Amino acid sequence: MSELTQIGSINERPRIPTRDEVELNFSDKAITELEALKTHYPELKACILPTLWIAQREYGGFLSGEAIAEVAYRLQRSYAEVEGVATFYSMYNTAHKPGKHKIELCTCLSCHLCGTYRLRDFLKEKLGIGHGETTADGLFTVEEVECLDACDRAPVIQVGDTYHGPVDEGYLSKLIDDLRANPESTVVKMADEMVKVHIRASER
Amino acid sequence: MAERKLLFEHTHDPAFRTLDGYKATGGYQALEKAIKMDRQAVIDEVKASGLRGRGGAGFPTWIKWNGIPKDKKTTHYVLCNADEGEPGTFKDKQLMETCPFLLVEGMTIAGHATNADQGFIYIRGEFIDAARALRSAIDEAYAAGLLGKNIMGTGWNFDLDIHLGAGSYECGEESALMSSLMGERGMPRLKFPHAPLPTVAGLWERPTLINNVETYCCAPFIIKNGGEWYASLGASTKNSRGTKIFSVSGHVNKPGNFEIEFGTPLKELLEMAGGVKGGKLKACVPGGSSVPIITAEDVDRAIIGYEEMSEVKSMVGSGGCMFLNEHTCIVTFIWRTALFYANESCGKCTPCREGTRWMLQILDRIRRGNGQKGDIELLKDICSQIDGRSFCGLGDAAAWPVAAALRVFPHEFEYFIENGKSMVESEPTLAMAP
């Protein structure tokens, strides 16, 4: 794995991982989806973003080095290129493994006007974590995000594939309790939904 | 004037989200008509309508449609910019969630007019509800022969696919959006006249038509009722035709989307949204966070129209209208705006990458009561050095709100620097910003 990220000499371009360097973990479902996606674009490269969504689901919500290597191998791109793309976008979890549920709190203009920073402090008190942190039990990650474009529902939060708003302390408390009781990871579910909408009915 | 619901006429009707319900209200009559028309005749209708791009720039739509090569040598693409990310704007979200067939039909009409083979809807990743609504609409359209092979028996093939973003404001810029769709980091590219227009070399260097969601959604109405009819809406303005959806948020009693005819006074928009909440009106950002802020007096006299808004030194933009009440500290508000642009700058061009960061740092020290003499001049200087000096509009968009706030509310900045605290007694919730 570590070799993939190293460039041997100054003339050597980052290379495509070889078969024996990656562990292939995509399920049959994921492979079917990937084959369908490939027919949508004239180039394999365009599949990088949707395939990263597949990988985010297959690897339990986290794009580890192994996950990125598998995407690179399957799309015949270099590890460096895929990692470069993945780390650019904020919705891919590349920094560390997120909790089972990611609470994304919009703190942008309209939500700011409607008092969202009070909720941030509330979350900090309730869960003991701030922006980008995950609770010790691995259940929750809190992230402050830029405009979710639901300003009519300010202050608004996104958990998995659901928007909640306008929210207040009471609502958040209840939501956190509900999430604790939810056996399914909303982070993984979100990634699954993201993949699903790419696939045409005839390809399912 | 009141609301003029054209696109949003059936927004509250769940049946409108199914093909049968859509057809029952006259849906797909426009495509049926367009597909029998000559391609140029379709473009001429769009020209007659006076439709201008709804994404923010207000570029005449027909010029783009007309710019696609008429002699087809390669694959043509139709691309929809559904990466709505401008703070304060949420119109495309509602359009896609509640009127998905309008977009599908509009893009199919555009596909016919430009002899396209495939369409892509690039939706921002957070809008999973919108993507699901479109997925189901596209699937129904395929099943009914309105997409795919041999559409309406004409022998024309047109595929429509969804491509989701993954969290980047920058991807709403058209060249960055195309980079992102092609599997790269969402960074802008060289533009015309230094590089060919997307209509000549867009996606994969092939002719690509790119428009905003709301723009495509207007197409069925223009074809069905004629360009001249569409142009009769908003005729009181200089050069803005049709209806425009405004997303109203901030300190108002009834935030939401309101569709109005061009020429409507801005203060009526405020009335539609139930008036100001929590005090008197202080200021307004009429077209999304990028456009210059205006005072309450300007809100009273502003008329909504692309040219008309320049009389109050602001813009229609993407239609994200935020109203601020008297308890809002402009310095804090502008600091939050600057934070947004510093976070979202893609990092490609130095003036924007570094400039947004410096503006943020200076505004942050003012906001914390550590402002220094000369900070206002320094901010103005940075603004002038970002504006117009980066590949895409993000740099300009980051500089305008700061420059405008310094022009319109200079006394608030001066007071803050001199006294180390805001001249406005903010609600405690606002003061609690980190």
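Participant: Mind showing me how you'd approach the domain arrangement of chain B here?
Facilitator: All names here are of chain B. What the domain assignment lists for chain B is domain 1 (14-231), domain 2 (243-325) and domain 3 (330-419). Computed from C-alpha coordinates alone, the two centres of domain 1 and domain 3 are separated by 35 Å. On the side of domain 3, eight residues touch domain 1, which itself brings 13 residues to the contact. On the domain 1 side of the contact with domain 3, Tyr169, Glu170 and Pro188 bury the most area, a combined 52% of that side's loss. Scanning the region where domain 1 abuts domain 3 turns up zero salt bridges. Our count for the domain 1 to domain 3 interface comes out at three residue pairs in polar contact (both at pLDDT 80 or more).

Participant: What exactly am I supposed to notice about the domain arrangement of chain A here?
Facilitator: One frequent convention defines the size of an interface as the accessible area lost when the parts assemble. Residue and element names in this part refer to chain A. Once the domains are mapped, chain A shows domain 1 (3-94 + 189-202) and domain 2 (101-184). Taking the mean C-alpha position of each, domain 1 and domain 2 sit 29 Å from one another. Across the interface of domain 1 and domain 2, roughly 450 Å² is buried in total on both sides, 46% from carbon and sulfur atoms. On the domain 1 side of the contact with domain 2, Asn93, Lys189 and Met190 bury the most area, a combined 74% of that side's loss. At the junction of domain 1 with domain 2, the criterion picks out one salt bridge. The residue Asp161 makes a salt bridge to Lys189 at a minimum N-O spacing of 3.2 Å. There are two residue pairs in polar contact (both at pLDDT 80 or more) connecting domain 1 and domain 2.

Participant: Where do I start with the pairing of strand β9 (residues 320-325) of chain B in this structure?
Facilitator: Side-chain positions along a regular strand alternate between the two faces of the sheet. Residue and element names in this part refer to chain B. With six of six residues buried, β9 lies mostly within the body of the structure. The two faces of β9 match: Gly320, Met322 and Leu324 on one face and Cys321, Phe323 and Asn325 on the other face are all buried. Looking at chain direction, strand β5 (residues 243-250) and β9 are connected through four bridges and run parallel. If you follow Ser247 over to β9, its bridge partner there is Gly320. Bridge analysis of strand β7 (residues 281-285) against β9 gives four bridges, and the strand direction is antiparallel. Each residue of the ladder has a partner; that of Ala283, found in β9, is Leu324.

Participant: I tried to follow the pattern of salt bridges on my own but got confused; where do I start?
Facilitator: Pairing between side chains of opposite charge can happen when their charged atoms approach one another. Residues and elements named next belong to chain A. In total, this model carries 44 salt bridges over all chains according to the counting rule given. Asp192 is paired through a salt bridge with Arg57; the nearest N and O atoms lie 2.8 Å apart. Pair noted here: Asp192 is in helix α8 (residues 186-196) and Arg57 is in helix α2 (residues 48-58), with a separation of 135 residues, a long-range link. On the basis of relative accessibility, which here comes to 15%, the residue Asp192 falls in the buried class.

Participant: Would you mind showing me how to read the confidence of the model for chain B here?
Facilitator: One rule of thumb: low pLDDT means the predicted coordinates there are not for detailed reading. Residues and elements named next belong to chain B. Overall, the predicted model of chain B reaches an average pLDDT of 93, with 98% of residues at or above 70. Mean pLDDT values for the elements of chain B range from 48 in helix α18 (residues 428-431) up to 97 in helix α6 (residues 100-113). The complex model carries a pTM of 0.94, and its ipTM stands at 0.93.

Participant: Is there a simple way to think about the nonpolar core in this case?
Facilitator: Grouped burial of nonpolar side chains is what soluble globular proteins tend to show. Residues and elements named next belong to chain B. Among the nonpolar cores identified, the biggest contains 173 residues, and Trp65, Leu103, Ile121, Ile123 and Ile293 are the most heavily contacted of them. Among all residues touching Ile121, those that are not within four sequence positions of it are Cys80, Ala82, Leu103, Met107, Leu134, Ile138, Leu160, Asp161, Ile162 and His163. Of all hydrophobic cores here, the second largest spans 24 residues; its members include Leu281, Ile294, Ala302 and Met309.

Participant: I keep staring at the sheet that holds strand β1 (residues 101-106) of chain A and nothing clicks. Help me out?
Facilitator: Think of a sheet as strands paired side by side through backbone hydrogen bonds, with each pair either parallel or antiparallel. Residues and elements named next belong to chain A. Strand order across the open sheet formed by five strands is β2-β3-β1-β4-β5, with mixed pairing between neighbours. Unpaired on one side and paired on the other, β2 (133-134) and β5 (162-164) mark the two borders of the sheet. As paired strands, β1 and strand β4 (residues 157-159) are joined by three bridges and run antiparallel to one another. In the sheet register, Glu104 faces β4, and the bridge partner there is Gln158. Against the sheet, helix α6 (residues 116-127) makes contact with β1 and β3 (140-145), and its axis sits at roughly 155 degrees relative to β1, the strand it touches most. Contacts between α8 and the sheet are confined to β1 and β4, with β1 contributing the most and set at about 80 degrees to the helix.

Participant: Can you help me understand unusual backbone geometry in this one?
Facilitator: Glycine aside, the phi torsion of most residues is negative, and most peptide linkages are trans. For the bond from Ala154 of chain A to Pro155 of chain A, the omega torsion is -10 degrees, close enough to zero to count as cis. Within the secondary structure, Pro155 of chain A is located in the loop between β3 and β4. Of note, the bond from Phe192 of chain B into Pro193 of chain B is cis; its omega dihedral lies within 30 degrees of zero at 5 degrees. Assignment of secondary structure puts Pro193 of chain B in the loop between α8 (174-181) and β4 (208-212). Backbone geometry at Asp149 of chain A places phi at a positive 55 degrees, although glycine is not the residue there. Here Asp149 of chain A shows up in the loop between β3 and β4. Look at Asp149 of chain A and you get buried, because its relative accessible area is 0%.

Each value, and the rule that gives it
- Residues numbered from 1 in each chain as written.
- Chains lettered and ligands numbered in written order.
- Predicted model: local features only at pLDDT ≥ 70, side-chain atom pairs only at ≥ 80, totals over all residues.
- Heavy atoms only, no water.
- Domains from an automatic or database assignment.
- Contact = heavy atoms within 4.5 Å.
- Buried area = accessible area lost by both parts, 1.4 Å probe.
- Salt bridge = Lys/Arg side-chain N within 4 Å of Asp/Glu carboxyl O.
- Polar contact = N/O pair within 3.5 Å; in protein donor to acceptor, adjacent residues only side chain to side chain.
- Buried < 20%, exposed > 50% of the residue type's maximum accessible area, 1.4 Å probe, protein only.
- Helix = DSSP H or I, 4+ residues; strand = E, 2+ residues; numbered from the N terminus.
- Pairing = 2+ DSSP bridges.
- pLDDT = per-residue confidence, 0-100.
- Core = buried A, V, L, I, M, F, W, Y, C linked by side-chain atoms within 4.5 Å.
- Axes fitted to C-alpha atoms, helices over the stretch in contact; angles between N-to-C directions.

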